[in-house]
Amino acid sequence: MERSNDACRSTEINMESQNYLRIMIDSLQKKKEILQRVVSYNEEQQRILESDTFNGDLFEYNMQKKSECIDELNSLDEGFQSVYDRIKADVEQYKQRYKGDIKEMQELIKEVTALSATIQAQEARNKVEVEFKFRQLREDAKTAKRSVSMANKYYQNMSKISSEPQFMDKKK
């Protein structure tokens, strides 16, 4: 009878671990989809930065969307780690039993890692572009400020000049 209980418990643990592995696979698939969105946002960000006219609102919206993706990724990572910690011992002990799921997760991890590397490269390129664009915008703002200042000084100087003739002929 005790053997029967052990077999039932083992089957329950196996099913539970199987379910948790599916949850982990789903989590990796969601992570892959989110990373693909981040790649897309980075491409859009590059177009914004390379545009002749900088659209600050569009840039800010893009950054907000990327930030939301990062929050989702952090949440998924925490959940993934939590689930893995729960079934780690069972999966390590019975690797052969979970071979198919493990292989699927390994493939997803490779894809996620490749996307992460792409994102890092994009972020590095965009960082250089952002620094250049902001430096350019600061220079444009300085030039505009100087122009306004010069125009104000000109008008101040012109207002000091009297409209009366400067030389008067006193011979009359």
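Going along each chain's sequence as written, the residues are numbered from 1 onward. pLDDT decides what is reported in this predicted model: residues at 70 or higher carry local features, side-chain atom pairs at 80 or more are listed and counted, and totals for whole chains, interfaces and linings draw on all residues regardless. Each side-chain value is worked out from all heavy atoms of the structure, with water and hydrogens disregarded.

**Thoughts on the side chain of S17**
- Segments assigned H or I by DSSP are reported as helices when at least four residues long, segments assigned E as strands when at least two residues long, and all are numbered from the N terminus. With respect to the element layout, S17 can be found in helix α1 (residues 2-50).
- Residue classification places S17 among the buried positions, given a relative accessible area of 3%.
- If we skip the residues at most four places from it in the chain, S17 touches I87, D90 and Y98. Only protein chains enter the area calculation, which uses a 1.4 Å probe; residues under 20% of their type maximum are buried, those over 50% are exposed, and those in between are partly exposed. Here a residue-residue contact requires only that any non-hydrogen atoms of the pair lie within 4.5 Å.

**Focus on the packing of aromatic side chains**
- Pairing of aromatic rings covers Phe, Tyr and Trp, the last counted by its six-membered ring, and requires centre-to-centre distances within 6.5 Å; plane angles under 30 degrees mean stacked, over 60 mean edge-to-face, and any other angle means tilted. For the coordinates displayed, the defined rule picks out three aromatic pairs.
- Ring centres 5.6 Å apart and planes at 50° place the aromatic pair F54 and F59 in the tilted group.
- Classification of F54 by relative accessible area gives partly exposed; the value is 23%.
- With a relative accessible area of 10%, F59 lands in the buried category.
- Centroid distance F54 to F134: 6.0 Å. Interplanar angle 85°. Geometry classified as edge-to-face. Taken together, the positions of F54 in the loop between α1 and α2 (56-93) and F134 in helix α3 (residues 99-160) put the pair 80 residues apart, joining distant regions of the chain.
- The partly exposed category is assigned to F134, whose relative accessible area is 32%.
- Each residue in the set F54, F59 and F134 is aromatic and connected to the rest through ring pairs, giving one cluster.
- By the criterion adopted, a ring carries a charge over it if an Arg CZ or a Lys NZ lies within 6 Å of its centre and within 35 degrees of its normal. A cation over an aromatic ring shows up here: R97 above the ring of Y94, its NZ or CZ 4.1 Å from the ring centre.

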